[in-house]
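# Per-entry structural report
Listed below, chain by chain, are the residues.
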Amino acid sequence: MKFSELPTPCFIVDEALIEKNLKILNGVSERTGCKIVLAQKAFSMYKLYPLIGEYLDGATASGLYEARLGFEEMGKENHVFSPAYREEEMDEIIELCDHIVFNSFSQSEQFKDKVLKAGKRVGLRINPEHSTQVGHAIYDPCAVGSRFGVTLEHFKPELLEGISGLHFHTLCQQDSDDLESTLNVIEAKFGTWLPQLEWINFGGGHHIAREDYDIPLLEKCINHMQDKYGLQVYLEPGEAVALNAGYMVTTVLDIQQNGMSIAILDTSAACHMPDVLEMPYRPPLFGSGELGEKPYMYRLGGNTCLTGDVIGDYTFDQPLKSGDRLVFGDMAIYSMVKTNTFNGMALPSIAIQDKNGDCQIVRQFGYQDFKMRLG
Ligand SMILES: Cc1ncc(COP(=O)(O)O)c(C=O)c1O
């Protein structure tokens, strides 16, 4: 099927662009010996896990279901971190995962013996309390009052027995200078205990696949921790695996006037790209311009009842009309995994564009997908 023939709304993941990102990540692990696993929370299109598994060492999960998906569909090293685990899910998590990272000493004390008895590795998430982000408190695990990781004040060295590694995740779409400053703080605060451990996980948020990302500095950071402390370094990026590797195609349904021209689309910020409202950010749209750049301005709105269901204001060379197809970029990460059916909105289809440019629909959704989640 051609791209232009796909039904809308539809997410399209570009296989060649995913592979381009994977090659960049694989280069880092080849040159440094670090291990890189996919953070499934950002990208869970498991149809591509066999391809991803050719370049990465495995997957990481946010809980039982993602852990099971990584186990079933990737079948390589399987990691999990959750803010807290439930007693009744721990046996299955232990069966599925190689690394189980706890968010507190109380949880590691509760489950550590069981994990070790099964021959699996126990990790502890630390919080270095070193914020490197500005303006995005909801994406800053080092923000005041954050529930993520053990701070130095609450660190209990006497409970480290059986814990073979530390995990931190403090970055979001950042470069390696922020990683370097974070590692300096970690060494200053937790350096005493690093030599007795086997591995350290640098979490995600490394925008490694971005063109201007400083890869040599990342590799210097990895080598430093591996050489000085004898640690195996892990990275668990999500975004970097699928950055700029997906699209969302949508159709203009109607044009409304209210002090400006408003195009109503068959997609929705609230249902199909919630990060547009949460981050917030303005998704790239092919063929459009910034305000004032092109003659025809439209506010692009979603097809739900939410007044704020607005994707953004864009300009165009020609007036828009019903039936026009618009293509948003960078839609593979987070948007696809965060969709919902608020208002009974149809979920977008999911397609792959292969290396020859041919498209194949992987999943289509209908009324039952909406109904089955309601009581
Ligand atoms: C613990 C953990 N690891 C990895 C990631 C992946 O981050 P990113 O997709 O920004 O690389 C996240 C994102 O929230 C996370 O919370």
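The rules behind the values
Residues numbered from 1 in each chain as written. Predicted model: local features only at pLDDT ≥ 70, side-chain atom pairs only at ≥ 80, totals over all residues. Heavy atoms only, no water. Helix = DSSP H or I, 4+ residues; strand = E, 2+ residues; numbered from the N terminus. Buried < 20%, exposed > 50% of the residue type's maximum accessible area, 1.4 Å probe, protein only. Lys, Arg positive; Asp, Glu negative; His and termini not counted. Salt bridge = Lys/Arg side-chain N within 4 Å of Asp/Glu carboxyl O. Polar contact = N/O pair within 3.5 Å; in protein donor to acceptor, adjacent residues only side chain to side chain. Contact = heavy atoms within 4.5 Å. Domains from an automatic or database assignment. Buried area = accessible area lost by both parts, 1.4 Å probe. Nonpolar A, V, L, I, M, F, W, Y, C, P; charged D, E, K, R; others polar. Axes fitted to C-alpha atoms, helices over the stretch in contact; angles between N-to-C directions. Parallel < 35°, antiparallel > 145°, perpendicular 65-115°, else oblique. Left-handed = near helix turned anticlockwise from the far one by under 90°. Disulfide = S-S within 2.5 Å. Pairing = 2+ DSSP bridges. Near = heavy atom within 4 Å. Areas by Shrake-Rupley, 256 points an atom, 1.4 Å probe, with all protein chains shown as cover.

Before going further, it helps to spend a moment on the side chain of Arg 125. One can find Arg 125 in strand β6 (residues 121-125). One buried charged side chain, Arg 125, makes no salt bridge at all; its nearest oppositely charged neighbour is Glu 236, positioned 6.6 Å away. One polar contact links the side chain of Arg 125 to the main-chain carbonyl oxygen of His 169, over a distance of 3.0 Å. Not counting chain neighbours up to four residues away, the residues in contact with Arg 125 comprise Phe 81, Val 101, Phe 102, Asn 103, Pro 141, Phe 148, Gly 149, Val 150, His 167 and His 169.

A word on the domain arrangement of the protein. Along its sequence, the protein is organised into domain 1 (3-11 + 246-331 + 339-371) and domain 2 (33-242). A C-alpha centroid distance of 34 Å is found between domain 1 and domain 2. Where domain 1 abuts domain 2, roughly 720 Å² becomes buried across the two surfaces, and 62% of that area is made up of carbon and sulfur atoms. Remark: the boundary between domain 1 and domain 2 carries zero salt bridges. Applying the counting rule to domain 1 against domain 2 returns two residue pairs in polar contact (both at pLDDT 80 or more). Of all the secondary structure elements, the ones that give two or more residues to the side of domain 1 that touches domain 2 are α10 (275-278), β15 (349-353) and β16 (359-363). It is β15 that contributes the most residues to the side of domain 1 that touches domain 2, three residues altogether. Partitioning the side of domain 1 that touches domain 2 into residue classes produces five nonpolar, one polar and three charged.

We now examine the packing of helix α6 (residues 176-190) against helix α7 (residues 215-229). Put simply, α6 and α7 touch, their axes get as near as 8 Å, and they point 20° apart. Our classification of the angle between α6 and α7 gives roughly parallel. Handedness of the α6/α7 crossing: left-handed. In contact with Ser 176, Asp 177, Leu 179, Glu 180, Leu 183 and Glu 187 of α6, α7 contributes Leu 217, Leu 218, Lys 220, Cys 221, His 224, Met 225, Lys 228 and Tyr 229. Class assignment of the residues belonging to the contact of α6 with α7 gives a composition of seven nonpolar, two polar and five charged.

Here the structure, examined in full by the defined rule, presents zero disulfides. As a non-bridged cysteine, Cys 10 has Cys 359 as the owner of its nearest cysteine sulfur, 7.9 Å distant. Under the relative-accessibility criterion, Cys 10 is labelled buried at 0%. This cysteine, Cys 34, is not joined by any disulfide, and Cys 221 carries the nearest cysteine sulfur, 11 Å off.

A word on the pairing of strand β10 (residues 246-257). Sheet topology places strand β1 (residues 10-14) next to β10; four bridges connect them, and they run antiparallel. Counted as the bridge partner of Phe 11 is Met 248 from β10. In the sheet, β10 pairs with strand β14 (residues 325-329) via five bridges, with the strands oriented antiparallel. What sits directly across from Tyr 247, in β14, is Gly 329. Of the strand pairs in this sheet, β10 and strand β11 (residues 261-265) are connected by five bridges, and their pairing is antiparallel. Counterpart to Ile 255 in the pairing with β11 is Ala 263. In textbook terms, the turn of a hairpin is the stretch between consecutive antiparallel strands, and for β10 and β11 this stretch comprises three residues, one of which, Gly 259, has a positive phi near 75°.

Below, the discussion takes up the site of the ligand. Around the ligand, the surrounding shell holds 13 residues, and the nearest of these are Gly 205, Glu 236, Gly 238, Glu 239 and Tyr 334. Gly 205 places a main-chain nitrogen or oxygen 2.8 Å from an oxygen atom of the ligand. With respect to the ligand, the side chain of Glu 236 contributes an N or O atom lying 2.6 Å from a nitrogen atom. Surface burial for the ligand is 86%, taken as the share of its 400 Å² of free accessible area covered by protein chains. Grouping the amino acids of the shell around the ligand by side-chain chemistry returns four nonpolar, five polar and four charged.

Next up on the list: unusual backbone geometry. A cis amide bond links Thr 8 to the next residue, Pro 9, at an omega of -5°. With an omega of -15°, the peptide bond running from Met 279 to Pro 280 counts as cis. Considering the arrangement of structural elements, one finds Pro 280 in the loop between α10 and β12 (296-301). Of note in the backbone geometry, Gln 173 takes a positive phi value of approximately 60° without being a glycine. Its location among the elements puts Gln 173 in the loop between β7 (163-167) and α6. Classification of Gln 173 by relative accessible area gives partly exposed; the value is 32%. We note that Tyr 334 has phi near 60°; this positive angle belongs to a residue other than glycine. Along the polypeptide, Tyr 334 turns up in the loop between β14 and β15. For Tyr 334, a relative accessible area of 22% puts it in the partly exposed group.

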